Amino acid sequence: MAESTENNSHSNIELDADVCIIGGGLGGLSLSILLATSGHKVILVEKESYPFHRVCGEYISLESWNFLESLGVPLTAMSLPIISNLIVTSPSGTTIRQKLPLGGFGISRYTLDYTLAETANQKGVKIFENCKVTDTVFANGEFVVNAGKFNIRSRVCAGSFGKRSNLDIKWKRPFIAEKANKLNNYIGVKYHVKANLPEDTIALHNFENGYCGISRIENGKYCCCYLTTAENLKKNNNSIEEMERSVLFRNPRLKEIFSNMEKLYAEPLVISQVSFARKSVIHQHILMLGDAAGMIAPLCGNGMSMAMNAAKLSSGIIHDFLNGNISREIMEKMYTEQWEQRFAARLKTGRLIQSFFGKPFMTNIFVKTLKPFPRLINALIRTTHGDVF
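Source: prediction; values computed, not measured. (Residues numbered from 1 in each chain as written. Predicted model: local features only at pLDDT ≥ 70, side-chain atom pairs only at ≥ 80, totals over all residues. Heavy atoms only, no water.)

## So, the nonpolar core
One finds Phe105, Leu116, Ile152, Ile318, Tyr335 and Trp339 to be the most contacted residues of the largest nonpolar core, which totals 76 residues. Per element, the largest residue contribution to this core is 10 residues, and it comes from helix H9 (residues 303-322). If near-sequence neighbours (up to four positions away) are discounted, Ile152 is found in contact with Leu15, Cys20, Ile43, Val45, Phe143, Val144, Val145 and Ala147. Core analysis: the second largest hydrophobic core is formed by 21 residues, Val189, Cys212, Tyr222 and Tyr226 among them. (Core = buried A, V, L, I, M, F, W, Y, C linked by side-chain atoms within 4.5 Å. Buried < 20%, exposed > 50% of the residue type's maximum accessible area, 1.4 Å probe, protein only. Helix = DSSP H or I, 4+ residues; strand = E, 2+ residues; numbered from the N terminus. Contact = heavy atoms within 4.5 Å.)

Structure (structure tokens):
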């Protein structure tokens, strides 16, 4: 499907593109398809090889359905589970059940990313897999992106490389230098499982210093993904199983689910040093999308939809720049302002909700307080989800 640096024996190969996209997640792949469809030459660099699993929840808000189908993803034909209900439990087991105003659907990143990569390839996007970007330089109105054996020259560069990358560290982005706190020192753990759970429900089960999301995906499987602090793991001898037994299982609902589900991975997928700190939307003239652009914690609604929404937003602005209709300065200003208009309130609400979660006492009180007020719960859900785009 795509080219790999491992299969190329040459060095210092110079490649030219209108746009170079660093990172082949949902934001990067969506942006590449949109720009290629508009007639631009696009190179996308991805450090992994498709298809592969990512540590994240796999519930996507229906706000993204039409957009994905417009890109060429045949969601309707894939018979995916439609999710219309929400369950939230506190660490003590207090439960809220609520209809989702818009709802969502379940699909694994393994399937969705691969489908988008195939579509991008068909549209003429040059994708380099197993390829890691080590540096970028902007000078004289163009970027030089160093990707191992390749130097990619482009007029525009976009970053869609997740919550923390080697580039963040190299660039010394401010959030990297922050001391460990409740927003920047998480670990993520993910399983695909077989379980006897409602097909139309996404559940968010809270425990001390963390929360676990469970929802249906394709082929009768469920995605079970949780975030917690690195400190929780450290206190349990750096053992995932020991941490689950001593921390997660204090929530009686989680104990019941974990005791009865069938894990389909030999080992869980784990990532560390996850940060949800605030970040800049533009860095060294690079337009950031998704988690590379800002704190998109799970309680902000749906980060995957936000990444794709940002791809649609940025594609039109980049297109105008490449066609000479606006300057680089205007492109960057427009993207920053429109990104803030579209996502700032959503992120603010997510941070507010997150501030109540993590500590058992506060979470129990928060859930108990909300339970008698379904309209308030509904309003919070609406604030953390966007409109169809």
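## Description of the side chain of Thr229
Looking at where Thr229 falls in the secondary structure, it is placed in strand S14 (residues 222-229). When its relative accessible area of 16% is taken as the criterion, Thr229 is described as buried. Setting aside its immediate chain neighbours within four residues, Thr229 contacts Asn185, Tyr186, Ile187 and Asn209.

## Observations regarding helix H1 (residues 26-37)
Taking 1.5 Å as the rise per residue, H1 with 12 residues should run 16 Å; its terminal C-alpha atoms sit 16 Å apart, in good agreement. The buried fraction of H1 is high, at 10 of 12 residues. Every buried residue of H1 is accounted for by Leu26, Gly27, Gly28, Leu29, Ser30, Leu31, Ser32, Ile33, Leu35 and Ala36. Residue Gly39 follows H1 closely and has a positive phi angle near 95 degrees. (Expected span 1.5 Å × (residues − 1).)

## Details of the packing of H1 against helix H3 (residues 109-122)
As a packed pair, H1 and H3 sit with axes 9 Å apart at the nearest point and diverge in direction by 20 degrees. Classified by the angle their axes make, H1 and H3 are roughly parallel. Here H1 runs over H3; the crossing is left-handed. Residues Leu26, Leu29, Ser30, Ser32 and Ile33 of H1 touch H3, and the partners they reach there are Arg109, Leu112, Asp113, Leu116, Ala117, Thr119 and Ala120. Split by residue class, the contact of H1 with H3 holds seven nonpolar, three polar and two charged. (Axes fitted to C-alpha atoms, helices over the stretch in contact; angles between N-to-C directions. Parallel < 35°, antiparallel > 145°, perpendicular 65-115°, else oblique. Left-handed = near helix turned anticlockwise from the far one by under 90°. Nonpolar A, V, L, I, M, F, W, Y, C, P; charged D, E, K, R; others polar.)

## As for unusual backbone geometry
What you tend to see is this: most non-glycine residues have negative phi, and most peptide bonds are trans. A cis amide bond, omega -10 degrees, links Tyr50 with the succeeding residue Pro51. By the secondary structure assignment, Pro51 is in the loop between strand S3 (42-45) and strand S4 (59-61). Even without glycine at this site, Asn219 takes up a positive phi of about 60 degrees. You can call Asn219 exposed: its relative accessible area is 64%.

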